[in-house]
Amino acid sequence: MDFIDLKTQYAALKDRVAERMQRVLDHGQYIMGPEVAELEAALAERTGARHCITVSSGTEALLISLMALGLKPGDEVITTPFTFAATAEVILLLGGIPVWVDVEEDTGLIDATQIEAAITPRTRAIMPVSLYGQVPDMDAINAIAARHGKLPVIEDAAQSFGAIYRDRQSCNLSTFGCTSFFPSKPLGCYGDGGAIFTNDDALAQACREIRIHGQSKRYTHTRVGVGGRMDTLQCAIVLAKLERFDWELQERLVRGQLYNAACDAAGIARVHQRADRNSVFGQYTVRVPNRDQIQERLKAAGVPTAVHYPVPMNRQPAYAGLCERPTPVADRLAAEVMSLPMSADLTLAQQEAVMQALRQAAAK
C-alpha cells in the first residue's frame, strides 16, 4: 500500500482535474490567471477569513507573513522545535531568532502554558504549529499575545487546513494563518503551493505586494518582496480537489477514530486529540519504543511508515545554540513518534492490515 494514496484520489478526480487544467491551457494565463482569484475567494469563504492570498508554498506563506509584520534582525519569534524546518528557517532568513517552547506530551503541540515565560522585550511574534492535522490551543495563545502588547500570532497550519477548533476553522484563528498545498497535505496540489489568511486589510495588502516583488502596481516597488506567486495551474488543481474535500475530511476522521480505537485496545501509545477540536489527520501518529526495529518489521510486512520528526529543530546543526531553552518533551517525542498510512482512500481492509502488522511488530 502507499503511505499516502494520491493515485486513487487522482482517479476519482481525473476528469475534473483535466477540465480545470485544460481551461488554463486554453486561456494561457499561467501567472495570476483567473483561477488564482477564484481559489482565493473559495478558500476565504470556507475559512471565514476576510482575505486569502495564495503563494508559491507553505514556506513562502510564513516568510511573507513575517515580512509583512516587518520582522527585523534580532527580533525574537516564539515557536516550537517539534516541527519541519520551514517554521524556523523563515525566521533566520530575516535575521530573527527562534525562541523554542516545549510541547505537550500527549499531542506534540506547543505548550501554551510555557509561552509567557519565553516572552522578552525583543519578542515580535508567536508562531504556533498545527501538528498532525490538529490545531494548538489558539485561544490561550491569543490571550497571552494580547496581554503583551497585542503580539501578532501566526498559525503554521501547513498540516491542518480544514480542521476545526472550537467551531472555528484552522487558518482563521489569529493574525495570520498559513497553509501548504504540498501534494501530501490534506488539501494538496501537484507541486508546491500555499496560502495566507488574515482579517487585517493592511497586512493583506502588504502580503499581496510582497508576493509580486513588492509591487503595488506594475514596476512600482513600494516594499522589498519576493517571487512568491502560486501558479495558475496549481490553483486550478486545488479548485478541482475542493469539490471532493468535505468527503475526504469525513473519511479521514472515520479512519483516525478507527486507528484510535485499535491502538487503545492494543495498548499502543498514540498522539491524542483534544475534546474542543478535531483533527484532519494529516498524519496518523503513534509512539513506539525501539522505533527502528518496529519500522523494519512493518516494512517487511508491506506497511510503509514515516517519522515526523526524528530530530527537534533545536538539535539540528543549523539551529543548535540559537536558544538554550530546554525541550525534554520534544526530545522524547522525536525518539518515539511514527506515522502510519493515512488518506481518505485508505480501505478498511488496508487499515486492519496496518494494525495487525503493528500489533505483531510491537508484540515482538
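For the structure, check the block above.
Residues numbered from 1 in each chain as written. Predicted model: local features only at pLDDT ≥ 70, side-chain atom pairs only at ≥ 80, totals over all residues. Heavy atoms only, no water.

1. Topic: the packing of aromatic side chains
Right, on to step 1. Applying the stated criterion to the full structure yields six aromatic pairs.
Right, on to step 2. Through successive ring pairs, a cluster of aromatic residues spans F161, F197 and F245. (Phe/Tyr/Trp six-rings, centres within 6.5 Å; stacked < 30°, edge-to-face > 60°.)

2. Overview of the environment of A357
Right, on to step 1. Positionally, A357 belongs in helix α10 (residues 348–363).
Right, on to step 2. When near neighbours in sequence (up to four residues on either side) are disregarded, A357 contacts L298, A301 and V303. (Helix = DSSP H or I, 4+ residues; strand = E, 2+ residues; numbered from the N terminus. Contact = heavy atoms within 4.5 Å.)

3. Describing the environment of A330
Right, on to step 1. With respect to the secondary-structure elements, A330 resides in helix α9 (residues 328–336).
Right, on to step 2. Counting along the chain gives 19 residues from A330 to V311, while the straight-line C-alpha distance between them is 8.7 Å.
Right, on to step 3. What A330 contacts, discounting residues up to four positions off in sequence, is P81, F82, D102, V103 and P312.

4. A short note on the sheet that holds strand β5 (residues 154–156)
Right, on to step 1. The strand order across the open sheet formed by four strands is β1-β9-β8-β5, and the pairing between neighbours is mixed. The open sheet has two edge strands with one neighbour each: β1 (51–55) and β5. When strand polarity is set aside, the average angle formed by the axes of neighbouring strands in this sheet is 20 degrees.
Right, on to step 2. Of the strand pairs in this sheet, strand β8 (residues 176–180) and strand β9 (residues 194–198) are connected by four bridges, and their pairing is antiparallel. What sits directly across from S180, in β9, is G194.
Right, on to step 3. Docked against the sheet, helix α2 (residues 34–47) engages β1 and β9, running at close to 130 degrees with respect to β1. (Pairing = 2+ DSSP bridges. Axes fitted to C-alpha atoms, helices over the stretch in contact; angles between N-to-C directions.)

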